[in-house]
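Survey of secondary and tertiary structure
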Amino acid sequence: MKIALLGYGKMGKVIERIALERGHEIVLRKDEFNTYDGLSTADVAIDFSVPSAAVSNISASFNANVPVVSGTTGWLEHYDEMIALCNEKKGGFISSSNFSLGVNIFFGLNEYLAKIMKQFDSYKVSMEEIHHIHKLDAPSGTAISLAQGVIQNSDYANWTMDEAKKNEIHIEAKRIGEVPGTHTVNYDSAIDSIEIKHTAHNREGFALGAVVAAEWLAGKQGIFSMKNVLNLQ
């Protein structure tokens, strides 16, 4: 399979290594200094860039009839535009805040716990995410996905990084050293606390998940998620 890498930072290089190990060919390594030459020859594009570049990368892929796996976060105000373009071009698209198998299992656990806790209003939910100091967006896309998972399965209406109102989920974002990613969901009452936590030890899980998603998406049309890729429906 021919892969275009849109974004060639630390994650892009890990994705490249794993893709090559799995027998794939890299036809484009796109960073801020080069063009999209080679994109149209790809079977699939993997976008792990920066928020300011994501929309251009995804748009260029759809316009070149190349399906896209995007793990870039911080650009979701343009998500509906990209979905519309994907549908117009009859493209294929997977956008996820986190591609690791463990995190996607964690998403399911979070939603299940939220359904249980909905009936116990003495508990207040909050979240904490910790990432490396180079991460540009806060809170993380994974933390936002976790908050949305709670909101969809409870009476909470929104998340905030400020002081939370009764129907809001407080998210605390910390940037420390080279931490790959730690996410904690906490339900706290006057009597006790319930906590679920996912800790990434390195970038390998994110990269492998992105390559697996790309393998799954190649040749498909439509809007998909990691639940489709991992059959977690």
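Described in the following lines is the structure provided in the data block. Numbering of residues starts from 1 in each chain and follows the order in which that chain's sequence is written. Two thresholds apply to this predicted model, a pLDDT of at least 70 for residue-level local features and 80 or more for giving and counting side-chain atom pairs, whereas whole-chain, interface and lining totals are computed over all residues. Only heavy atoms go into the side-chain values, all of them from the structure, while hydrogens and water stay out.

**Points about unusual backbone geometry**
Of note, the amide linkage connecting Ala 138 to Pro 139 takes the cis form, showing an omega dihedral of -5°. The phi dihedral of Asn 65 falls on the positive side, at around 60°, and the residue is not glycine. Helix and strand labels come from DSSP, where a helix needs a run of H or I of at least four residues and a strand needs a run of E of at least two; each type is numbered from the N terminus. Counting through the fold element by element, Asn 65 comes out in the loop between α2 (51-63) and β4 (68-70).

**Notes on the sheet that holds strand β2 (residues 25-30)**
We treat two strands as partners when DSSP finds at least two bridges between them. Strand order in the open sheet made by the six strands is β2-β1-β3-β4-β5-β11, with parallel pairing throughout. Two strands lie at the open edges of the sheet, namely β2 and β11 (222-224), each paired on one side alone. Neighbour-to-neighbour, the strand axes of this sheet turn through a mean angle of 15°, independent of strand direction. The strands that helix α3 (residues 79-88) touches are β5 (92-95) and β11; relative to β5, the one it contacts most, it runs at about 155°. Only the stretch in contact is used when a helix axis is fitted, and all axes are lines through C-alpha atoms; the angle between N-to-C directions ranges over 0 to 180 degrees. Note on definitions: a residue-residue contact is assigned when non-hydrogen atoms from the two residues lie within 4.5 Å.

**Points about the sheet that holds strand β7 (residues 158-160)**
Pairing is mixed across the open sheet formed by five strands, whose spatial order is β7-β8-β6-β9-β10. The strands lining the two open edges of the sheet, one partner per strand, are β7 and β10 (193-199). Shown here is a sheet whose adjacent strand axes are inclined to one another by a mean of 20°, direction ignored. In terms of strand pairing, strand β6 (residues 124-131) meets strand β9 (residues 182-188) through seven bridges, oriented antiparallel. By the bridge assignment for β9, Lys 124 is matched with Asp 188. Against the sheet, helix α4 (residues 101-117) makes contact with β6, β9 and β10, and its axis sits at roughly 165° relative to β10, the strand it touches most. Helix-sheet contacts for helix α5 (residues 141-151) involve β6, β7, β8 (168-175) and β9, and the interaxial angle to β6 is about 165°.

**Overview of the pattern of salt bridges**
The term salt bridge refers to a pairing of a side-chain nitrogen on Lys or Arg with a carboxyl oxygen on Asp or Glu at a separation within 4 Å. Following the criterion strictly, the structure yields ten salt bridges and no others. For Lys 227, the salt bridge is made with Glu 111, and the minimal N-O distance between the two is 3.4 Å. Of this pair, Lys 227 sits in helix α7 (residues 226-230) while Glu 111 is found in helix α4, placing the two residues 116 residues apart along the sequence. Judged by relative accessible area, which is 33%, Lys 227 ranks as partly exposed. What emerges from the salt-bridge pattern is a single network uniting Arg 17, Glu 21 and Glu 204. Burial classes: relative accessible area under 20% of the type maximum marks a residue as buried, over 50% as exposed, and values in between as partly exposed (1.4 Å probe, protein chains only).

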